[in-house]
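Each chain, written out:
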Amino acid sequence: MLDDKGKHLRTIGSYGAGKSQFKYPNRIAVDGEDNLYVSDYLNHRIQKFDSAGKFVKEWGGFGTANGDFQYPYGIDTDADNNVYVVEYKNRIQQFDSEGEHMATFATKFGTADGELRYPRGIAVADKLLCAGRSVYVADAYNRTRLTPRVKSLFTKWLAWTR
């Protein structure tokens, strides 16, 4: 953790599979209460820490059921402190701040509208004072936008091919 001038304050965690340990920590997000969420890619879980860096909880595990993960990659929070996680295996999950599963979006692999193909990043736009809540996903083979207010609306906004 760094202060506002870039000075090192503390290091959170070490290598491993226990609490406060990581195997390929991939992305981080901070909610409105300054809690830190870390996507732990090879442990297939999310870990939550308070603003002082103290471990609060973890959730997930390898699998395809709601609440499980297959390589969680991108992570972000919204204005209500909900947590959004995009998985390398083509799925977006929404959780409350305690890790309770709320919704799953975009579960199909592909390049058509509503499908994902190796998503990597996620950003929730409501914290930017945008109208409504939109979730933007950076996908290795697609560029997509999801609006959870209308769960059936999932439109491609920029196509890109290799």
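Here the structure is shown first, and the text comes after it.
As the structure is a prediction and not an experimental result, all values here were calculated from the model.

Trainee: Help me understand the nonpolar core, please; the structure alone is not making it clear to me.
Mentor: Core analysis: the biggest nonpolar cluster contains eleven residues, these being Y84, V86, I92, A103, F105, A106, L116, I122, V124, V135 and V137. Of all the secondary-structure elements, those providing two or more residues to this core are β8 (83-87), β10 (101-105), β13 (119-124) and β14 (135-139). W59, I75, V83 and F95 belong to the second-largest nonpolar core, a separate cluster that totals nine residues.

Trainee: Please explain the pattern of salt bridges as it appears in this structure.
Mentor: Two side chains with opposite charge may pair up if their charged atoms get near one another. Following the criterion strictly, the structure yields five salt bridges and no others. For E58, the salt bridge goes to R45, with nearest N and O atoms at 3.2 Å. Placement of E58 in strand β6 (residues 55-60) and of R45 in strand β5 (residues 45-49) is noted, with a sequence separation of 13 residues between them.

Trainee: So what exactly am I meant to see when it comes to the packing of aromatic side chains here?
Mentor: How two aromatic rings sit relative to each other is set out by the distance from centre to centre and by the angle between their planes. In the structure shown here, the tally under the stated rule is twelve aromatic pairs. Aromatic pair F49 and F55: ring centres 5.9 Å apart, planes at 80°, arrangement edge-to-face. The class of F49 is buried, set by a relative accessible area of 0%. Summarising the aromatic geometry, the rings of F69 and F95 are spaced 5.7 Å apart at their centres and angled 55° between planes, so their arrangement reads as tilted. Of the two residues, F69 sits in the loop between β6 and β7 (72-77) while F95 sits in strand β9 (residues 91-95), which places them 26 residues apart along the sequence. The pair F69 / F95 is uniform in exposure class, with both members buried. Members of the aromatic cluster, joined through ring pairs, are Y24, Y41, F62, Y71, Y73, Y88, F109 and Y118.

Trainee: Can you help me understand the pairing of β8 in this one?
Mentor: Across a regular strand the side chains alternate sides, sitting on one face of the sheet and then on the other. With respect to burial, β8 is a largely interior element, five of its five residues being buried. Side chains V83, V85 and E87 project from β8 onto one buried face, and the interleaved Y84 and V86 project onto a second face that is buried too. Two strands pair when backbone bridges link them, and β7 and β8 are joined in this way by five bridges, in the antiparallel orientation. Across the sheet, the residue bridging to G74 is V86, located in β8. Counting the residues that bridge the hairpin from β7 to β8 gives five residues, and of these N81 lies at a positive phi of roughly 65°. Strand direction decides the pairing type here: β8 and β9, joined by five bridges, are antiparallel. Paired with Y84 across the strands is Q94, a residue of β9.

Trainee: Where do I start with the sheet that holds β8 in this structure?
Mentor: Pairing between the strands of a sheet comes from backbone hydrogen bonds, and it takes one of two forms, parallel or antiparallel. With antiparallel pairing, the four strands of this open sheet are ordered in space as β7-β8-β9-β10. Both edges of this open sheet fall to β7 and β10, since each of them pairs with a single strand only. Across the sheet, the mean angle from the axis of one strand to that of its neighbour is 20°, orientation sign disregarded.

The rules we used
- Residues numbered from 1 in each chain as written.
- Predicted model: local features only at pLDDT ≥ 70, side-chain atom pairs only at ≥ 80, totals over all residues.
- Heavy atoms only, no water.
- Core = buried A, V, L, I, M, F, W, Y, C linked by side-chain atoms within 4.5 Å.
- Buried < 20%, exposed > 50% of the residue type's maximum accessible area, 1.4 Å probe, protein only.
- Helix = DSSP H or I, 4+ residues; strand = E, 2+ residues; numbered from the N terminus.
- Salt bridge = Lys/Arg side-chain N within 4 Å of Asp/Glu carboxyl O.
- Phe/Tyr/Trp six-rings, centres within 6.5 Å; stacked < 30°, edge-to-face > 60°.
- Pairing = 2+ DSSP bridges.
- Axes fitted to C-alpha atoms, helices over the stretch in contact; angles between N-to-C directions.

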